[in-house]
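# Chains, contacts and geometry: an overview
Single-letter residue listing:
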Amino acid sequence: MADDKKTTEIIKKELSYVQKVWHAVAIIALLVGVILIARVAFNVLLMALAGSLIAVYFHGLGDIIQRRTRLQRKWAMLISIVASFIILGVMLWFMGTKIQVQIAELSNTLPHTISTAKAKMAESPIGQKVLDNFSGTNSDKTMNTVQSFFSTSFGVLGDVYVILLLGIFFTASPSIYKNGILLLVPKKRKELGKHIMDRISLSLKGWLKGMMISIVLITVMITAALSIMGIPVAMVLGLITGILELVPNIGSLVAMIPGVLLALTIGTNTAIIVALIYIVSQTIVANIVTPLIQKKIINLPPALTLISQLVMGTLSGALGIILAVPLLAIIIILIDELYVKEINK
């Protein structure tokens, strides 16, 4: 009997141990699943933020139309949406042919330009070290990093379609989504919730207004300056610089590379002048124009902005790094309203 009891206890211990192992495996699997779902959901949330920014743009333009024309709100919003797509379509129609020609020229010229730049860099020891770092396995790692950086949840066109659709939905009936969020807030905190949402909306409007004017201004400045310098495909280089203006700090450096490479085919002095054009233009826009426009946006420390871009770029690629600044502004507002002001009462 005693032996049977010992055997039974051993079997129970073994079963208990096996159960614990399976419990641990189940918990780990659950955590991995939650992390994977959270990452996908995070990208979807970023697309929702991008759609919100588009809605903010439509509403801002609708406000201007309503003030100037005294139309009803719904008609002003309809004109805002339709007029935006018409203007974009007309611009692409008139500029499309020239841009297409310049893009073809750039794609034909760039390989020779890169070869010329490599040859000139190889003439110096420092340049040779740089080339060695981007050759062989290092170049493969760089390409893999770039591919993962520009990968998206549904592909580029799919993401653009979803973001535009969300932007139109948010524009058509913003009160539904705003009231839905407020339903989750306790009654005692509803006024604070409205205040936070208004503050976030004001901050996003300021960021969006400054960003749009900065994009147009930097595109015109770079295109005009490079055309005067006789740099080929100046319009495409200007558009690239304008688009990369969406990525503060990092975008300006990336935008400079193709312009300087093309200038090297003309001469070293020309390349230096082109680099100075980029630096001066970016300095004027970043330190003079944008701060004057974005008076209502929260003051973001440059180091914190760069850190947020690196983190968001690692998590969500290109979309994350573009939306890092508005997301950081939202987080800072939430921390200020829900924590800092509470502890300082």
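Rules used in this analysis
- Along each chain, the written sequence defines residue order, and numbers are assigned to residues from 1.
- At least 70 in pLDDT is required for a residue's local features to be given in this predicted model, at least 80 for side-chain atom pairs to be given and counted, and no such filter applies to totals for whole chains, interfaces and linings, which use all residues.
- Only hydrogens and water are set aside; all other atoms, that is, all heavy atoms of the structure, feed into the side-chain values.
- Salt bridge criterion: a side-chain nitrogen from Lys or Arg within 4 Å of a carboxyl oxygen from Asp or Glu.
- Secondary structure elements follow DSSP: runs of H or I no shorter than four residues count as helices, runs of E no shorter than two count as strands, and numbering proceeds from the N terminus.
- Only protein chains enter the accessibility calculation, which uses a 1.4 Å probe; a residue is then buried when its area is under 20% of its type maximum, exposed when over 50%, and partly exposed in between.
- Per-residue confidence from the predictor is given as pLDDT, running between 0 and 100.
- Should any heavy atoms of two residues lie within 4.5 Å, those residues are considered in contact.
- Lines fitted to C-alpha atoms define the axes here, with helix axes fitted over just the stretch in contact, and angles between the N-to-C directions of these axes take values from 0 to 180 degrees.
- By the definition adopted for this analysis, an angle is roughly parallel if under 35 degrees, roughly antiparallel if over 145, roughly perpendicular if from 65 to 115, and oblique otherwise.
- In a left-handed crossing the near helix is turned counterclockwise from the far helix by less than a right angle, and in a right-handed crossing that turn is clockwise.
- We call Asp, Glu, Lys and Arg charged. Ala, Val, Leu, Ile, Met, Phe, Trp, Tyr, Cys and Pro are nonpolar, and the rest, Gly among them, are polar.
- By convention, a stacked pair of Phe, Tyr or Trp rings (six-membered ring in the case of Trp) has centres within 6.5 Å and planes under 30 degrees apart, an edge-to-face pair has planes over 60 apart, and any other such pair is tilted.
- Only buried residues count toward a nonpolar core. Its members are Ala, Val, Leu, Ile, Met, Phe, Trp, Tyr and Cys residues joined through side-chain atoms within 4.5 Å.
- The patch calculation keeps residues exceeding 30% relative accessible area without a salt bridge and links them within 9 Å when they carry like charges or within 5 Å when they are nonpolar (Val, Leu, Ile, Met, Phe, Trp, Tyr).
- Using a 1.4 Å probe, the Shrake-Rupley method yields the accessible areas, and only the shown protein chains count as cover for residues.

## So, the pattern of salt bridges
- Taken as a whole and assessed by the stated rule, the structure comprises five salt bridges.
- Residue Arg 73 is joined to Asp 63 by a salt bridge in which the shortest nitrogen-to-oxygen separation is 2.3 Å. Of the two residues, Arg 73 is situated in helix 2 (residues 73–121) and Asp 63 in helix 1 (residues 2–69); the sequence distance between them amounts to ten residues.
- Here Lys 178 makes a salt bridge to Asp 198, at a shortest N to O gap of 3.5 Å. Placement of the pair is Lys 178 in helix 6 (residues 174–183) and Asp 198 in helix 7 (residues 190–229), with a sequence separation of 20 residues.
- Residue Asp 198 is classed as partly exposed on the basis of its relative accessible area, which comes to 44%.
- One salt-bridge network, held together by shared partners, links Arg 199, Asp 336, Glu 337 and Lys 341.

## Observations concerning the confidence of the model for the chain
- With 68% of its residues at a pLDDT of at least 70, the chain reaches an overall mean of 75.
- A low-confidence stretch, residues 138–143 stays under pLDDT 50, and its non-local contacts, those more than four residues away or across chains, total four contacts.
- The low-confidence segment residues 145–151 (pLDDT under 50) makes five contacts with residues lying over four places distant or belonging to another chain.

## Brief notes about the packing of helix 11 (residues 302–322) against helix 12 (residues 324–343)
- Helix 12 packs onto helix 11 with a crossing angle of 125° between their chain directions and a minimal axis gap of 8 Å. Viewed along their axes, helix 11 and helix 12 adopt a mutual orientation that is oblique. Remark: the crossing between helix 11 and helix 12 carries right-handed chirality. Between helix 11, through Leu 304, Thr 305, Ser 308, Gln 309, Met 312, Gly 320, Ile 321 and Ile 322, and helix 12, the contact on the second element is made entirely by Ala 324, Val 325, Pro 326, Leu 327, Leu 328 and Ile 332.
- Here the residues of the contact of helix 11 with helix 12 are counted per class, giving ten nonpolar, four polar and no charged.

## Examining the environment of Met 211
- In this fold, Met 211 is placed in helix 7.
- Overall, the relative accessible area of 8% leaves Met 211 in the buried class.
- As a C-alpha pair, Met 211 and Leu 246 span 35 residues in sequence and 7.0 Å in three-dimensional space.

## Regarding the packing of aromatic side chains
- Using the criterion set out here, one finds three aromatic pairs in the structure.
- When the ring of Tyr 57 is compared with that of Phe 58, the centres are 5.3 Å apart and the planes differ by 50°; the resulting orientation is tilted.
- Classification of Phe 58 as buried rests on a relative accessible area of 3%.
- Members of the aromatic cluster, each reached through a chain of ring pairs, are Tyr 57, Phe 58 and Phe 85.

## Describing the nonpolar core
- If you look at the biggest cluster of nonpolar residues, it comprises 28 residues, and the most contacted ones within it are Leu 46, Ile 163, Ile 200, Trp 207, Leu 319 and Leu 323.
- Of all the elements in the fold, those that place two or more residues in this core are helix 1, helix 2, helix 7, helix 11 and helix 12.
- Per element, the largest residue contribution to this core is eight residues, and it comes from helix 1.
- Counting residues in each nonpolar core, the second largest holds 21 residues, with Ile 222, Ile 231, Val 274 and Ala 275 among its members.

## Re a nonpolar patch on the surface
- Together, Phe 85, Val 160, Tyr 161, Leu 164, Leu 165, Ile 168, Phe 169, Ile 176 and Tyr 177 make up a nonpolar patch on the protein surface, roughly 800 Å² of accessible area in all.
- Where the nonpolar patch is concerned, the elements lending two or more residues are helix 5 (156–172) and helix 6.

## Remarks on the packing of helix 7 against helix 8 (residues 234–244)
- Between helix 7 and helix 8, the least distance of the axes is 8 Å, while the angle of their chain directions is 150°. As summarised for this structure, helix 7 and helix 8 are arranged roughly antiparallel, according to the angle between their axes. For the pair helix 7 and helix 8, the crossing hand works out as right-handed. Residues Ile 215, Ile 218, Thr 219, Ile 222, Thr 223, Leu 226 and Ser 227 of helix 7 form the contact with helix 8, whose participating residues are Ala 234, Met 235, Leu 237, Gly 238, Leu 239, Thr 241 and Gly 242.
- Tallied by class, residues from the contact of helix 7 with helix 8 come to eight nonpolar, six polar and no charged.

## Remarks on the side chain of Ser 281
- The topology assignment puts Ser 281 in helix 10 (residues 268–293).
- Setting aside residues no more than four positions away along its own chain, Ser 281 makes contact with Ile 218, Met 221 and Ile 222.

## Brief notes about the environment of Pro 174
- Secondary-structure assignment places Pro 174 in helix 6.
- A residue is classified by how much of its surface remains accessible, and Pro 174, at 36% relative accessible area, is partly exposed.
- Between the C-alpha atoms of Pro 174 and His 59, which are 115 residues apart in sequence, the distance is 9.7 Å.

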